[in-house]
Amino acid sequence: MVSRVIPVDSFDLVIFGGTGDLARRKILPGLFRRFLAGQMPDTSRIIGAARSDLDDDGYRTMIAEAIEEFGGAEKEKSEDVKAFLGRLHYVAIDAKGDGGWKELADLMRDDVVRAFYFSVAPSLFGDLAERLHSYKVAGQDARIVVEKPFGRDLDSAKALNDTLAQHFNEDQIYRIDHYLGKETVQNLMAVRFGNVLFEPLWNSHYVDHIEITVAETVSVGGRGSYYDKSGAMRDMVQNHLMQLLCLIAMEAPNEFTADAVRDEKLKVIRALQPVELHHIVRGQYEAGKDTPSYRQDVEDPRSRTESFIAMKVDIANWRWAGVPFYLRTGKMLKARTSEIAVVFKDLGHSIFPGDHARHRNILKIQLQPNEGMDLQVTIKEPGPGGMRLIDVPLDMTFADAIGEDVEDAPDAYERLIMDVIRGNQTLFMRGDEVEAAWAWTDPIIGGWEQRGDVPKTYEPGSAGPEDAMMLMHRDGRKWLELRAK
Ligand code: BG6
């Protein structure tokens, strides 16, 4: 099967923070891969903008190294890299002053898409937005891309939204949650709304519970100072896990357009019940044989920030009343795996004598690594001896089914940046969605602060604190085993 690459319109993409970590690790190598795929028109340009005193050549050298280090593409050729670097320019800019803005304004062209990626601290968003406007660098058609963290609570998110709204309309603002750019995350919508099979069963009549797991094996080492102010709740649950939950739980939009999809997601967030504190388990990893503890990583021996969280969440609407959603995410766990499991209800009555096992259909959607789905079904164990039943997976690893296209699929950032150029906001968060997510998150974090909650410790390489197991055991349920697929 051959991937279809649809070229986008010609663009000038300015990356504020163009020398930073995200730009070097993700954005530019990603753009290079889109260039190799033939998706970038010849006249498109990428303009790095940052404080460093570099010129175009200096910037090109920096990005050539980034592409080499962070894997631009397996099959890259030096002439391709050279051709791509020819698209790069650089402007030294002072986000809080006047330096560089006139040069940037002169560099921009009128007849192409203008996009501005704010890969900088949120405290600079206001300064950038204001100067883009006052120096007439960005007009009515310009698009801005902003990264998480989008606020650290409802008030700060509102303040950021207000700041951006002073200079840009909502249809110009692209708030990135890179989970929405993942291939299988979009597949969630294709599976739900493109098949007749699942939708009739996708409700409280047939579903017992749903699990969403995003487990990582990495520590917070190196990002300690950011992470310790966030914790798993702000870093992962408020955004990535929330988005997965929305895609699983939302009603079918009437069409696949940005606002129709985002309206439905918003309804889910608004229907989330406040979570009782005893339905949440927070954890912090201990030191391992050769690895530092969380507190050592963040250099605060008294830190109470969680590197793991498991919680039981209820959605108060007709479709999901009484169906718990169990979420868990954490660092330094046993396996790197992101998986959603839709666990269907028991049959209720078995016609097979002697069969006392609990058979359940489970639809597992593996987001990463090895994207795919499997559906656990009950069959007769082959061979003589009567009707003995066993559960087996109907396995569909997408790479097997679809071939190498899955491997070649653009990564989340590549896809999302191309969507910005196309002007498609479907996979970006709207301001009201982000605010609703914080409105749900704030009381939970406030509750911990109020009672001085201390996270439970867990061993690195485990599945998290024992209490996380208990969270489901108490309900007569069990997490799916955490293992790399
Ligand atoms: C980021 C978080 O948004 O997502 C990180 O800040 C986390 O802490 C990362 O490691 C996970 O992303 P992925 O794509 O590797 O699952």
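Check the entry above for the structure.
Residues numbered from 1 in each chain as written. Predicted model: local features only at pLDDT ≥ 70, side-chain atom pairs only at ≥ 80, totals over all residues. Heavy atoms only, no water.

S.K.: Help me get a handle on the overall build of the protein chain, residues and values and all.
M.R.: Tallying secondary structure elements over the protein chain gives 15 helices and 15 strands in all. Its C-alpha radius of gyration of 24 Å places the protein chain within 12% of the 23 Å reference for a compact globule of 485 residues. Dimensions of the protein chain, computed from the C-alpha atoms along their principal axes, are close to 80 × 55 × 50 Å. The burial tally for the protein chain puts 53% of its 485 residues in the buried class. Taking the contacts inside the protein chain whose residues are at least 6 apart along the sequence as the reference set, 76% of them involve residues at least 24 apart. For the protein chain, the accessible surface area stands at approximately 22,200 Å², while carbon and sulfur atoms represent 50% of it. Here the protein chain carries 60 positive and 78 negative side-chain charges, and the mean point of each set is 3 Å from the other. (Helix = DSSP H or I, 4+ residues; strand = E, 2+ residues; numbered from the N terminus. Rg over C-alpha atoms; globule rule 2.2 N^0.38 Å. Buried < 20%, exposed > 50% of the residue type's maximum accessible area, 1.4 Å probe, protein only. Contact = heavy atoms within 4.5 Å. Areas by Shrake-Rupley, 256 points an atom, 1.4 Å probe, with all protein chains shown as cover. Lys, Arg positive; Asp, Glu negative; His and termini not counted. Charge placed at Lys NZ, Arg CZ, Asp CG, Glu CD.)

S.K.: Quick one: what's the story with the nonpolar core, residue by residue and with numbers?
M.R.: Counting 142 residues, the largest nonpolar core has F16, L31, F84, F116, M311 and F325 as its most contacted members. For this core, the element with the most residues is helix α8 (residues 224–249), which contributes 13 residues. (Core = buried A, V, L, I, M, F, W, Y, C linked by side-chain atoms within 4.5 Å.)

S.K.: Lay out the pattern of salt bridges in plain terms, naming residues and giving numbers.
M.R.: Where charged atoms from two side chains of opposite charge approach closely, those side chains can pair. Counted under the stated rule, the structure contains 37 salt bridges. A salt bridge links D263 to R430, with the nearest nitrogen and oxygen atoms 2.9 Å apart. Taken as a pair, D263 in helix α9 (residues 258–271) and R430 in the loop between α13 (412–422) and α14 (431–451) lie far apart in primary sequence, 167 residues in all. Judged by its relative accessible area of 9%, R430 falls in the buried class. One salt bridge connects R451 with D453, and the closest N-O pair in it is separated by 2.8 Å. A relative accessible area of 16% means that D453 is categorised as buried. (Salt bridge = Lys/Arg side-chain N within 4 Å of Asp/Glu carboxyl O.)

S.K.: I'd like to hear about the site of the ligand, residue by residue, with values.
M.R.: Surrounding the ligand, one finds K148, H178, Y179, K182, E216, R223, D235, M236, H240, K331, R336 and Q368. Within the side chain of K182, one N or O atom sits 2.6 Å away from an oxygen atom of the ligand. Here an oxygen atom of the ligand and a side-chain polar atom of K331 are 2.6 Å apart. Against a free-state accessible area of 400 Å², the protein chains account for coverage of 80% of the ligand. In terms of residues, the shell around the ligand owes the most to one element, α8, which gives 3 residues. (Near = heavy atom within 4 Å. Polar contact = N/O pair within 3.5 Å; in protein donor to acceptor, adjacent residues only side chain to side chain.)

S.K.: Outline the sheet that holds strand β1 (residues 11–16), listing residues and values.
M.R.: If you walk across this open sheet you meet the 6 strands as β3-β2-β1-β4-β5-β6, and the pairing is parallel. The sheet is open, and its two edges are formed by β3 (88–92) and β6 (173–175), each paired on a single side. Geometrically, the sheet is characterised by an average inter-axis angle of 20° between neighbouring strands, direction not taken into account. Relative to β6, strand β5 (residues 143–146) runs parallel, the two being bridged by 3 bridges. Counterpart to V146 in the pairing with β6 is R175. Relative to the sheet, helix α5 (residues 125–134) contacts β1, β4 (113–118) and β5, its axis offset from that of β4 by approximately 160°. (Pairing = 2+ DSSP bridges. Axes fitted to C-alpha atoms, helices over the stretch in contact; angles between N-to-C directions.)

S.K.: For the packing of aromatic side chains, give the residues involved together with the corresponding values.
M.R.: Following the criterion strictly, the structure yields 17 aromatic pairs and no others. Centroid distance Y59 to Y90: 5.1 Å. Interplanar angle 40°. Geometry classified as tilted. With a gap of 31 residues between them, Y59 in helix α2 (residues 56–69) and Y90 in strand β3 connect regions that are remote in the sequence. On the basis of relative accessible area, Y90 is assigned to the buried category, the value being 7%. Linked through ring pairs, F16, W101, F116, F118, F125 and Y135 together constitute an aromatic cluster. (Phe/Tyr/Trp six-rings, centres within 6.5 Å; stacked < 30°, edge-to-face > 60°.)

S.K.: How would you sum up the sheet that holds strand β15 (residues 456–458)? Please name residues and give values.
M.R.: Taken in spatial order, the 9 strands of this open sheet run β14-β13-β12-β11-β7-β10-β9-β8-β15, and their pairing is mixed. If you trace the sheet from one side to the other, it starts and ends with β14 (389–397) and β15, each paired once. Taken over all neighbouring pairs, the strand axes of this sheet differ in orientation by 20° on average, direction set aside. Where strand β8 (residues 280–285) lies against strand β9 (residues 308–313), 4 bridges are found, and the strand directions are antiparallel.

S.K.: For the environment of D467, give the residues involved together with the corresponding values.
M.R.: When you line up the elements, D467 lands in helix α15 (residues 466–473). The spacing of D467 and R282 is 185 residues in sequence and 8.8 Å in space, taken between C-alpha atoms. Leaving out residues up to four positions away in the same chain, D467 has contacts with V281 and K456.

S.K.: Explain the packing of helix α6 (residues 154–165) against α14 to me, using residue names and the numbers behind them.
M.R.: Put simply, α6 and α14 touch, their axes get as near as 8 Å, and they point 165° apart. Put simply, α6 runs roughly antiparallel to α14. Between α6 and α14 the crossing geometry is left-handed. Between α6, through L154, A157, K158 and N161, and α14, the contact on the second element is made entirely by G431, V434, E435, W438, A439 and D442. Here the residues of the contact of α6 with α14 are counted per class, giving 5 nonpolar, 2 polar and 3 charged. (Parallel < 35°, antiparallel > 145°, perpendicular 65-115°, else oblique. Left-handed = near helix turned anticlockwise from the far one by under 90°. Nonpolar A, V, L, I, M, F, W, Y, C, P; charged D, E, K, R; others polar.)

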